[in-house]
Amino acid sequence: MSCFGGDPNFCPECGNVLPLPGIQDTVHCPRCSFCIPVAEFSGQEIRSTVIFNPVEQSSVALEDEEDSELKGPVIDRRCSRCNKEGMIYHTRQMRSADEGQTVFFTCIHCRYQEKEDS
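All of the points below concern the structure found in this document. (Residues numbered from 1 in each chain as written. Predicted model: local features only at pLDDT ≥ 70, side-chain atom pairs only at ≥ 80, totals over all residues. Heavy atoms only, no water.)

Let's talk about the overall build of the protein
- The secondary structure content of the protein amounts to 1 helix and 7 strands.
- For the protein, the residues scored as buried account for 20% of the 118 residues in total.
- Counting only carbon and sulfur atoms, one obtains 50% of the accessible surface of the protein, whose full area is about 9100 Å². (Helix = DSSP H or I, 4+ residues; strand = E, 2+ residues; numbered from the N terminus. Buried < 20%, exposed > 50% of the residue type's maximum accessible area, 1.4 Å probe, protein only. Areas by Shrake-Rupley, 256 points an atom, 1.4 Å probe, with all protein chains shown as cover.)

Encoded structure:
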């Protein structure tokens, strides 16, 4: 019995994305043993859309009265101080090499800084 259902692009057994039908007669789920005949996909049209952020929003350089400049990619992260979207980030290896990097975030609106150990 299937645990997942509804969208034929996903495996009804494990929920994994099914590969596109090829030259074989069946589509095999790469995660589990589920197989579906290619005929099940007959007449279906698959469309996908990629939306890129505008270039002017993807990175920013800001200057303030101290002549320090903020540079880096802007991400959709909400500032915990001013509650506005848009933070710049950079990473540093602050701990030993077998541990994750430290990510530093700076708000582009109020310049509040926070860090996250990954």
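Considering the state of the cysteines
- In this structure the tally under the stated criterion is 0 disulfides.
- Cysteine Cys-14 is unpaired, with the sulfur of Cys-29 as its nearest cysteine sulfur at 3.5 Å. (Disulfide = S-S within 2.5 Å.)

Looking at the side chain of Thr-102
- Tracing the sequence through the fold places Thr-102 in strand S6 (residues 102–107).
- One polar contact links Thr-102 to Asp-117, side chain to side chain, over a distance of 3.1 Å.
- For Thr-102, the contacting residues outside a window of four places in its chain are His-90, Thr-91, Arg-92, Met-94, Arg-95, Lys-115, Glu-116 and Asp-117. (Polar contact = N/O pair within 3.5 Å; in protein donor to acceptor, adjacent residues only side chain to side chain. Contact = heavy atoms within 4.5 Å.)

Regarding the packing of aromatic side chains
- Throughout the structure, instances matching the rule amount to 1 aromatic pair.
- Taken together, a centroid distance of 6.5 Å and an interplanar angle of 45° make the contact between Tyr-89 and Phe-105 tilted. Here the residue Tyr-89 occupies a position in strand S5 (residues 85–92), and Phe-105 occupies one in strand S6, the gap between them amounting to 16 residues.
- Residue Phe-105 is classed as buried on the basis of its relative accessible area, which comes to 5%.
- The positively charged end of Arg-77 is found above the aromatic ring belonging to Phe-105, 3.8 Å away from the centroid. (Phe/Tyr/Trp six-rings, centres within 6.5 Å; stacked < 30°, edge-to-face > 60°. Lys NZ or Arg CZ within 6 Å of the ring centre and 35° of its normal.)

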